Amino acid sequence: LGLGESDLSRALVDHLLFELDDAFEGAGSAPSDGQHSLLLNLHALRDDDLFWTPDQGRRSIAAILGHVVAAKHLYAAYGFSDGAGLTYLDALPKFAAPPPSLRDFQKALRAAHAALRERVAAIDDDDLTAVRRTHWGEARDVRWFIVTIVQHDVYHAGEVNHIRALCQGNDAWPWERA
Amino acid sequence: MTRIAVEQLLYLIDEAFQGSDHEQDLLSNLRHVRQEDWLWVPPGGARSIATIVGHVGTCKYAYDNHMFGDATMTWDDPLVQPQDLPSRDIAGTIEWLRESHRRLRSHVAALDDGGLLERRRRPEGGKKETRWLMSVLIQHDMYHAGEINHIRALLQGNDAWAWEKAT
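Residues numbered from 1 in each chain as written. Chains lettered and ligands numbered in written order. Predicted model: local features only at pLDDT ≥ 70, side-chain atom pairs only at ≥ 80, totals over all residues. Heavy atoms only, no water.

1. Focus: the environment of Glu138 of chain A
Residues and elements named next belong to chain A.
Okay, so step 1: Here Glu138 shows up in the loop between β1 (131-133) and β2 (139-141).
Okay, so step 2: For Glu138, the residues in contact, after removing those within four places along its chain, are Arg132 and Arg133.
Okay, so step 3: Side chain to side chain, Glu138 and Trp136 meet in a polar contact 3.4 Å long.
Okay, so step 4: Here Arg140 takes part through its side chain, which lies 2.9 Å from a polar atom of the side chain of Glu138. (Helix = DSSP H or I, 4+ residues; strand = E, 2+ residues; numbered from the N terminus. Contact = heavy atoms within 4.5 Å. Polar contact = N/O pair within 3.5 Å; in protein donor to acceptor, adjacent residues only side chain to side chain.)

2. Side note on the packing of helix α3 (residues 49-68) of chain B against helix α5 (residues 130-156) of chain B
All names here are of chain B.
Okay, so step 1: At a minimum axis distance of 9 Å, the contact between α3 and α5 shows a crossing angle of 170 degrees. By the angle class used here, α3 and α5 are roughly antiparallel. Between α3, through Ile49, Ile52, Val53, His55, Val56, Cys59, Lys60, Tyr63 and Met67, and α5, the contact on the second element is made entirely by Thr130, Leu133, Met134, Leu137, His140, Asp141, His144, Glu147, Ile148, Ile151 and Arg152.
Okay, so step 2: Broken down by class, the residue content of the contact of α3 with α5 amounts to twelve nonpolar, four polar and four charged. (Axes fitted to C-alpha atoms, helices over the stretch in contact; angles between N-to-C directions. Parallel < 35°, antiparallel > 145°, perpendicular 65-115°, else oblique. Nonpolar A, V, L, I, M, F, W, Y, C, P; charged D, E, K, R; others polar.)

3. Side note on the packing of aromatic side chains
Okay, so step 1: The full count for this structure, using the stated rule, is eight aromatic pairs over all chains.
Okay, so step 2: Taking 3.9 Å as the distance between ring centres and 55 degrees as the angle between the ring planes, the aromatic pair formed by Phe18 of chain A and Trp132 of chain B counts as tilted. Pair noted here: Phe18 of chain A is in helix α1 (residues 11-25) and Trp132 of chain B is in helix α5, and the two residues belong to different chains.
Okay, so step 3: Under the relative-accessibility criterion, Phe18 of chain A is labelled buried at 10%.
Okay, so step 4: Arranged with centres 5.2 Å apart and planes meeting at 85 degrees, the rings of Trp144 of chain A and Phe145 of chain A form a pair that is edge-to-face.
Okay, so step 5: Residue classification places Phe145 of chain A among the buried residues on the basis of a relative accessible area of 3%.
Okay, so step 6: Looking at Arg140 of chain A, its charged tip hangs above the ring of Trp144 of chain A, at a distance of 4.9 Å from the centre. (Phe/Tyr/Trp six-rings, centres within 6.5 Å; stacked < 30°, edge-to-face > 60°. Buried < 20%, exposed > 50% of the residue type's maximum accessible area, 1.4 Å probe, protein only. Lys NZ or Arg CZ within 6 Å of the ring centre and 35° of its normal.)

4. Re helix α1 (residues 4-18) of chain B
The α-helix winds at 3.6 residues per turn, so residues separated by three or four positions along the chain end up facing the same way.
Okay, so step 1: Taking 1.5 Å as the rise per residue, α1 of chain B with 15 residues should run 21 Å; its terminal C-alpha atoms sit 21 Å apart, in good agreement.
Okay, so step 2: Buried residues dominate α1 of chain B, accounting for eleven of its 15 residues.
Okay, so step 3: Those residues of α1 of chain B lying buried are Ala5, Val6, Gln8, Leu9, Leu10, Tyr11, Leu12, Ile13, Glu15, Ala16 and Phe17 of chain B.
Okay, so step 4: Looking at the packing, one finds that the buried side of α1 of chain B touches α1 and α5 (142-168) of chain A together with α3, α4 (90-109) and α5 of chain B. (Expected span 1.5 Å × (residues − 1).)

5. Overview of the pattern of salt bridges
Okay, so step 1: Counting across every chain of the model gives 21 salt bridges over all chains.
Okay, so step 2: For Asp14 of chain A, the salt bridge goes to Arg10 of chain A, with nearest N and O atoms at 2.9 Å.
Okay, so step 3: Between Glu147 of chain B and Arg47 of chain B there is a salt bridge, and its shortest N-O distance comes to 2.8 Å. With Glu147 of chain B in helix α5 and Arg47 of chain B in the loop between α2 (35-38) and α3, the pair connects residues that are 100 residues apart, well separated along the chain. No difference in accessibility class separates Glu147 of chain B from Arg47 of chain B, as the two residues are buried.
Okay, so step 4: Linked through salt bridges whose partners overlap, the residues forming this network are Glu95, Glu99, Arg102 and Arg103 of chain B. (Salt bridge = Lys/Arg side-chain N within 4 Å of Asp/Glu carboxyl O.)

6. Overview of the nonpolar core
Okay, so step 1: Counting residues in each nonpolar core, the largest one holds 70 residues, and the members touching the most others are Leu42, Leu65, Leu109, Leu128 and Ile146 of chain A together with Met134 of chain B.
Okay, so step 2: At the level of secondary structure, the elements contributing two or more residues to this core comprise α1, α2 (61-80), α4 (102-121) and α5 of chain A together with α1, α3, α4 and α5 of chain B.
Okay, so step 3: Considering every element that reaches this core, the biggest residue donor is α2 of chain A, with 14 residues.
Okay, so step 4: By size, the runner-up hydrophobic cluster in this structure holds 24 residues, among which are Leu30, Ile52, Ile90 and Ile94 of chain B. (Core = buried A, V, L, I, M, F, W, Y, C linked by side-chain atoms within 4.5 Å.)

Given below as structure tokens:
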């Protein structure tokens, strides 16, 4: 939480940066165990898993990862400035040679995360209560934009894990598999 | 000693468990779970929504006991039975889950900022700083909320983005 480690005017922002990085890749100078982070949940994926959908399912892992990339770009644009008219379709990742590979998605995710992180790192605690408009027009404070993305990464990491586990036939708790 | 960091952590804890926007938090993802969804396991799957809720509540009770209590709770304690023996009683299980959250939250709320740096025990063994242990538990709620949403959507046949379902 930046306690005793950083400028007091940035203690809360530093904490949110930790949460942001931890949710994304379990990273940081003193990371939590990282097992729920988005990137860690991509490690066991094969390229063939990306576009698979289960019975009754409509969203593939590729669709979810594209959505996560778009959200990061949108929240970076609207959480810290006026958004410049960026739309969801604009923010979706564009790939030079479709179909994209897992590596392509990882690269797009890292670029989107870096863009958002750069915005967060540039503010101090007083800026967290500033009010901005979401891309659908509602007013939210800056802290909400950051916390929502923390949640978003981990929530969709859970969905990715479930789709992967159904696809690979290993949807059991680790202690049951052992 | 200040409490600004504790207050922010409580905000994150609350948003993960019962968020103000009712989208990604754990309880909001249980709102649309029907009785027939509760114990259902998708083809190729092994875990039901009931067992996942049991797991989340179990971790809250166990972490609370090890971080703030006498650290005697084991994974086969009768209190955490819903993880291995899920009940058909949705309301009762959710109340059990709420109680696990209340216990944990109340102990965090009693801290000041210095307390977040204290190293505490965890059920898996060893000690970690309080702030990092709480980070794991915050992520835990949201991660399993995502899994619950996916299972529910498969059985209810509405696994689509919200804006696709609206059209």
